[in-house]
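Given next are the chains, with one letter for each unit.
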Amino acid sequence: MAIDILMPALSPTMEEGTLSKWLKKEGDTISSGDVIAEIETDKATMEVEAVDEGVLAKILVDEGTEGVKVNSVIARLAEDGESASDVEAAAPGAAEEKADAVPAEQSSDQSDKDAQVSDKAGPPTPAVSTLKDPTVPEGTSFVDTTVRDALRDAMAEEMRRDDAVFVMGEEVAEYQGAYKVTRELLQEFGAKRVVDTPITEHGFAGLGVGAAFGGLKPIVEFMTFNFAMQAIDQIINSAAKTLYMSGGQMGCPIVFRGPNGAASRVGAQHSHDYSAWYSNVPGLKVVAPYDAADAKGLLKAAIRDPNPVVFLEHELLYGESFPVPEVEDYVLPIGKARVRRSGTDVTLVAHSRMVGFALQAAEKLAEDGIDAEVIDLRTLRPLDTDTVIESVKKTNRIVTCEEGWRYMGVGAEICATVVNEAFDYLDAPPTRVHQKDVPLPYAANLEAMSLPGTADIIEAAKKVCHV
Amino acid sequence: MAKAPSKSKSSTRKNKLNREEALKFYRDMLLIRRFEERAGQLYGMGKIAGFCHLYIGQEAVVTGMQACLKEGDQVITGYRDHGHMLACDMDPKGVMAELTGRADGYSKGKGGSMHMFSKEKNFYGGHGIVGAQVPIGTGLAFSNKYRGTDNVCLAYFGDGAANQGQVYESFNMASLWDLPVVYVIENNQYAMGTSVARASAEIELFKRGISFEIEGEEVDGMDVYAVKEAGEKAVKYARSGKGPYILEMKTYRYRGHSMSDPAKYRKREEVDDIRTHHDPIDGLKARLLKEELATEDDLKALDKEIKDIVKAAADFSLDSPEPDPSELWTDVLREVESV
Ligand SMILES: Cc1ncc(C[n+]2csc(CCOP(=O)(O)OP(=O)(O)O)c2C)c(N)n1
Ligand SMILES: [Mg+2]
């Protein structure tokens, strides 16, 4: 029986990729573990290693082919005792059968995945309309940019502008960033300013704080914020509190940045949203942008800020593209929310990736005659409560949306503020959308149940609108 | 007083092998290799998701170390944990079903590749945070001493993890209190894309215990017998109440760090060289044949047996249902029985 070699996936979200190179040719003998080909996506390259043994009988996809679907047959192996020509002559039927069998088996999973894409884990389509940023002058042109590149550009621009700015973290330099956010910074700025650290979060966060006390402006990348828990003592006890404790002498201009919150199927220890944790601490600023323009403008502001800024990114937004204004020095104010959609019936408040879901929910709600206003908080500390209160005074209803847990959360803070400051305007109890109150599970179905999405927001909005 | 750390190069290479043990080692290592290859394939097919760190190349380390343990001894490691679980005699079906996120997995599908446990087999995880298992393993050793057992804990961690501060905090306490723990550093030369030399001021990691008065030894981690020999000495030392011991296993991972790995940080030839000249399984196979402890046919039959076990595990892991939705809410807290 011939064995099919299938196009593998590099990640759960990968659907297709480029078959960049064949390292074996037809007729070569292959043992399990041999590298037979290289494949590539926009994010990574991977070597395809053989699992089975035999002779490479037939290559079905030429090297250089783009858009090769995951799980499609790329080559065929002849097993022990079979000749290559046997395979060529006899295999198609058998292989066809198998090629069919795999996708069929996949299809139930696939539809699950699709369901996720439209609602949960998958990225929201940025096609949803967003109000123009009033601070961008009329006539400005925009360039579609991924969040990943916008963050990179922000760092590069600030590093050009001020040589006290440097970036450090695990795999930021030679590896070009675990999520490629620091791509090509090493090439431009050299190893003095783009520093690979050992895996020692508590150590390098503390070292960064010391460097900031010493007059530098460090950007400390955490590979993800999950690992910043190792460093949280330095972030809070050293970076956030020292200015106060020194009677204003010891400023700490530092940015702690990296992806925060759930990625995809990486389990509880790698999927934690820390928005509420850092936002609890006086002495810190906390920024959590949604689109690429905000990511760029706010990261530039964070680097220039004389205070410690915790900058929460989202892995599942890195690859999303958004229009970024072509403005000479695009810096946005920290502490200002942005109304992304104006509406009269209900206020949806969100930050980071939940903004995309809130915008999608607003579109769907409109079909049911509910006109939702969407506020993108952008900064969590200081919180722009004015924008939220003003909106609630107009809509009389509020739904807060966060990826993290509800207890003592961002939504709790906003709802309490609304109750304090706009109690008489409320027509319904403030309502919260959030992650289920359990550590994030690995299993696909449980993960999808656990994370909040568009459907949860729609349901909550309808409830407060009594529909 | 601790002796100076040493590089032990000795191995029982000259002695004749015990057939039964040799075949068991071969079988155990091959099971891990084939299991991991299959896991890699299932990942490529989208059946396993998230992070999946394969142990291929490092099989001799857990296989040799496990041979030094007795009932009740504990094992703990990081996220590159499939090999450790199989070595602890956990069921390949349950491990694979956890990788696919199904109800029959060791964590009911809720943990995934990096977070699996079996109290029954004294396997304490499976930890996703680099270095976190080291103080936890030290605490298991503390509990052994406290309860007055003579059990030992093996705490495995990587060359990259060796730079985490909590490792040294653990070393200090373990030595201060003579805790029965063996620290097994799996030095596979890289932490993601960073070589040891680029991350460690002292690259001879077995010396990292010097200022804590912990003995350390460098071991050829590609030779299961060298591992076992060093392991026996270290475990005996810890078991006798003398305190912790460090073994630095020089080993190598053939595959990428996780499933998507740019592989730009090392040369293909480097990988090929180790695979061709230092593979732990091929090495043992050659010895088995040379010393006429097994024939080609014996080994082929063994290969087949293992292929079948792994295939059964893969099939099981795909047939097992997704966890019931109600499982979302279970296991967050234990019930309070009586106050
Ligand atoms: C505290 C923490 N920081 C960073 C990471 C991301 N990370 C996962 S594995 C890894 C490399 C670890 O290398 P090593 O200890 O040598 O183990 P190996 O992967 O080689 O087995 C890194 C940086 C993490 N999981 N936890
Ligand atoms: Mg390593």
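Being a predicted model, the structure only gives us computed values, none of them experimental. (Residues numbered from 1 in each chain as written. Chains lettered and ligands numbered in written order. Predicted model: local features only at pLDDT ≥ 70, side-chain atom pairs only at ≥ 80, totals over all residues. Heavy atoms only, no water.)

### Overview of the overall build of chain A
Heads up, the rule is: Runs of E in the DSSP output that reach at least two residues are strands. Runs of H or I that reach at least four are helices, and both are numbered from the N terminus. The rule is simple: take the accessible area with a 1.4 Å probe, protein chains only, and divide by the maximum for that residue type; under 20% is buried, over 50% is exposed, in between is partly exposed. Working rule for contacts: check all heavy atoms of both residues, and any pair within 4.5 Å makes them a contact. Note on areas: Shrake-Rupley, 1.4 Å probe, and residue coverage restricted to the protein chains presented here.
Looking only at helices and strands, chain A features 13 helices and 22 strands. Here chain A holds 467 residues, and 59% of them are scored as buried. Pairs at least 24 apart in sequence give 76% of the contacts found in chain A among residues at least 6 apart. Total accessible area on chain A stands at roughly 18300 Å², and carbon and sulfur atoms take up 51% of it.

### Some points on the overall build of chain B
Spelled out, the test is: Radius of gyration here is computed from C-alpha atoms only, and the compact-globule reference equals 2.2 Å multiplied by the residue count raised to the power 0.38. Residues scored as charged are limited to Lys and Arg (positive) and Asp and Glu (negative), so that His and the chain ends carry no count. By convention, the charge on Lys lies at NZ, on Arg at CZ, on Asp at CG and on Glu at CD.
Scanning chain B for helices and strands turns up eleven helices and eight strands. In summary, chain B has a C-alpha radius of gyration of 20 Å against a globular reference of 20 Å for 339 residues, a match within 12%. Expressed along its principal axes, the backbone C-alpha trace of chain B runs to roughly 65 × 55 × 40 Å. The proportion of buried residues among the 339 residues of chain B is 60%. For chain B, contacts bridging at least 24 residues in sequence account for 76% of all contacts bridging at least 6. For chain B, the exposed area adds up to about 14000 Å²; of that, 52% sits on carbon and sulfur atoms. Distance from the positive charge centre (47 side chains) to the negative charge centre (53 side chains) of chain B: 3 Å.

### Considerations on the coordination of the magnesium ion (ligand 2)
All names here are of chain B. To keep things clear, this is the line we draw: Metal-coordinating donors are taken as N, O and S atoms lying within 2.8 Å of the metal, or within 3.2 Å when the metal is Na, K or Ca; because water is left out, some sites can appear incomplete.
Within the first shell, the magnesium ion (ligand 2) binds the protein through Asp 159 (OD), Asn 188 (OD1) and Tyr 190 (O), at distances of 2.1 to 2.2 Å. Every donor residue of the magnesium ion (ligand 2) comes from the same chain, spaced as D-x28-N-x1-Y. Separated by 31 residues along the polypeptide, Asp 159 in the loop between strand S3 (153-158) and helix H6 (165-176) and Tyr 190 in strand S5 (residues 190-191) bring together distant segments of the chain.

### Some remarks on the pairing of strand S10 (residues 165-169) of chain A
Residue and element names in this part refer to chain A. Note the threshold: DSSP bridges decide pairing: two strands pair if at least two such bridges lie between them.
The buried count for S10 comes to five of five residues, which makes it a mostly enclosed element. Here S10 pairs with strand S12 (residues 217-221) via five bridges, running parallel. Among the inter-strand pairings, Met 168 is bridged to a residue of S12, identified as Val 220. Summarising the sheet, S10 and strand S11 (residues 194-196) pair through three bridges and their orientation is parallel. Counted as the bridge partner of Met 168 is Val 195 from S11.

### Regarding helix H5 (residues 232-240) of chain A
Each turn of an α-helix holds 3.6 residues, which means side chains three or four residues apart point in the same direction. Residues and elements named next belong to chain A. The element H5 is extensively covered by neighbouring structure, given that seven of its nine residues are classed as buried. For H5, every residue scored as buried is listed here: Ile 232, Gln 234, Ile 235, Ile 236, Ser 238, Ala 239 and Ala 240. Looking at the buried residues of H5, the elements they touch are helix H4 (201-213), helix H6 (242-245), strand S13 (255-259), helix H7 (275-279) and strand S15 (309-313).

### Side note on unusual backbone geometry
The linkage connecting A:Arg381 with the following residue, A:Pro382, adopts the cis geometry, with an omega of 0 degrees. Along the chain, A:Pro382 turns up in the loop between strand S20 (379-381) and helix H10 (385-395).

### Considerations on the interface of chain B and chain A
For clarity, the threshold we go by: Summed over both partners, buried area is the accessible surface (1.4 Å probe) that two parts give up on being assembled. Salt bridges are defined by distance alone: a side-chain nitrogen of Lys or Arg within 4 Å of a carboxyl oxygen of Asp or Glu. Pairing of N or O atoms within 3.5 Å defines a polar contact, subject to two protein rules: one partner must be a possible hydrogen donor and the other a possible acceptor, and residues neighboring in sequence count only if both atoms are side-chain atoms. Under the grouping applied here, Gly and all other residues not named as nonpolar or charged are polar, the nonpolar ones being Ala, Val, Leu, Ile, Met, Phe, Trp, Tyr, Cys and Pro and the charged ones Asp, Glu, Lys and Arg.
Taken together, the contacts link 57 residues of chain B with 61 residues of chain A. Between chain B and chain A, a total of about 4700 Å² is buried, with carbon and sulfur atoms accounting for 54% of that surface. Seen at the junction of chain B and chain A, the total is two salt bridges. A salt bridge links B:Arg198 to A:Glu174; the nearest nitrogen and oxygen atoms lie 3.6 Å apart. At the surface where chain B touches chain A, the tally comes to 14 residue pairs in polar contact (both at pLDDT 80 or more). Mapped by element, the contributors of at least two residues to the side of chain B that touches chain A are helix H1 (19-44), helix H4 (92-99), helix H7 (196-199) and helix H9 (268-278) of chain B. At five residues, H1(B) tops the list of elements feeding residues into the side of chain B that touches chain A. Of the residues in the side of chain B that touches chain A, the class split is 24 nonpolar, 18 polar and 15 charged.

### Topic: the site of ligand 1
Convention followed: For this purpose, a residue is taken to be near a molecule or strand whenever a single non-hydrogen atom of the residue falls within 4 Å of it.
Around ligand 1, the structure places 22 residues, and the nearest of them are A:Glu201, B:Tyr79, B:Arg80, B:Ala161 and B:Asn188. In this structure, ligand 1 is bordered by residues of chains A and B. Interatomic distance of 2.7 Å between a side-chain N/O atom of B:Arg80 and an oxygen atom of ligand 1. Backbone polar atom of B:Val130 to a nitrogen atom of ligand 1: 3.0 Å apart, as the coordinates give it. Relative to its free-state accessible area of 580 Å², ligand 1 is covered by the protein chains to the extent of 95%. Of the residues in the shell around ligand 1, the class split is ten nonpolar, eight polar and four charged.

### Examining the sheet that holds strand S2 (residues 16-22) of chain A
All names here are of chain A. Heads up, the condition is: In this analysis an axis means a line fitted to C-alpha atoms, helices contributing only their contacting stretch, and an angle means the value between N-to-C directions, from 0 to 180 degrees.
Pairing is antiparallel in the open sheet, where four strands are placed in the order S5-S4-S2-S7. Of all the strands in the sheet, the pair left with one neighbour each is strand S5 (45-49) and strand S7 (65-69). Strand-to-strand, the axes of this sheet are offset by a mean angle of 40 degrees, without reference to chain direction. Direction of pairing for strand S4 (residues 35-40) relative to S5: antiparallel, over a ladder of five bridges. Of the residues in S5, the one forming a bridge with Ile 39 is Met 46.

### Some thoughts on the side chain of A:Thr431
Residue and element names in this part refer to chain A. You can see Thr 431 is positioned in strand S22 (residues 431-433). Within polar-contact distance, the side chain of Thr 431 engages the backbone oxygen of Pro 429 at 3.1 Å. Not counting chain neighbours up to four residues away, the residues in contact with Thr 431 comprise Ile 398, Val 399, Thr 400, Cys 415, Ala 460 and Val 464.

### Concerning the pattern of salt bridges
All names here are of chain A. Here the structure, examined in full by the defined rule, presents 53 salt bridges over all chains. Arg 160 is the salt-bridge partner of Glu 188, the closest N and O atoms lying 2.7 Å from each other. Within this pair, whereas Glu 188 is found in helix H3 (residues 185-189), its partner Arg 160 is found in helix H2 (residues 147-161), the two being separated by 28 residues in sequence. Here the salt bridges do not stand alone but share partners, grouping Glu 157, Glu 158, Arg 161, Lys 296, Lys 300, Arg 304 and Asp 329 into one network.

### What about the packing of H1(B) against helix H8 (residues 224-239) of chain B?
All names here are of chain B. Test applied: Angle categories are assigned with fixed cut-offs, so that under 35 degrees is roughly parallel, over 145 is roughly antiparallel, 65 to 115 is roughly perpendicular, and the rest are oblique.
Close contact between H1 and H8 brings their axes to 11 Å; oriented N to C, the two are set at 110 degrees. Accordingly, the angle class assigned to the pair H1 and H8 is roughly perpendicular. Across from Glu 21, Ala 22, Phe 25 and Met 29 in H1, the residues of H8 making contact are Val 224, Tyr 225 and Lys 228. Of the residues assigned to the contact of H1 with H8, the class counts are five nonpolar, no polar and two charged.

### Quick look at helix H8 (residues 292-304) of chain A
Residues and elements named next belong to chain A. To keep it simple, the criterion reads: Expected helix span is taken as 1.5 Å per residue step, with the number of steps being one fewer than the number of residues.
A rise of 1.5 Å per residue sets the reference length of H8, with its 13 residues, at 18 Å; its end C-alpha atoms lie 18 Å apart and thus fit the reference within 8%. The buried fraction of H8 amounts to twelve of the 13 residues, a majority that puts the element mostly inside the structure. Buried residues of H8: Ala 292, Ala 293, Asp 294, Ala 295, Lys 296, Gly 297, Leu 298, Leu 299, Lys 300, Ala 301, Ala 302 and Ile 303, and no others. Put simply, Asp 291 is the residue that caps the front of H8, since its side-chain oxygen is 3.3 Å from the backbone nitrogen of Ala 293.

### Looking at the UniProt feature "domain: Dehydrogenase E1 component" (unreviewed entry) in chain B
Heads up, the condition is: UniProt positions are given in the numbering used here, feature names are shortened, and annotations may be inferred rather than shown by experiment.
UniProt feature "domain: Dehydrogenase E1 component" (unreviewed entry): in the numbering of this structure it lies at residues 28-325 of chain B. As a span, residues 28-325 of chain B carries 44% helix and 11% strand, and end to end its C-alpha atoms are 36 Å apart.

### Things to note about the domain arrangement of chain A
Convention followed: Where a domain begins and ends is set by an automatic assignment or by a domain database.
When the domains of chain A are assigned, the result is domain 1 (3-95), domain 2 (140-325) and domain 3 (338-464). Computed from C-alpha coordinates alone, the two centres of domain 1 of chain A and domain 3 of chain A are separated by 47 Å.

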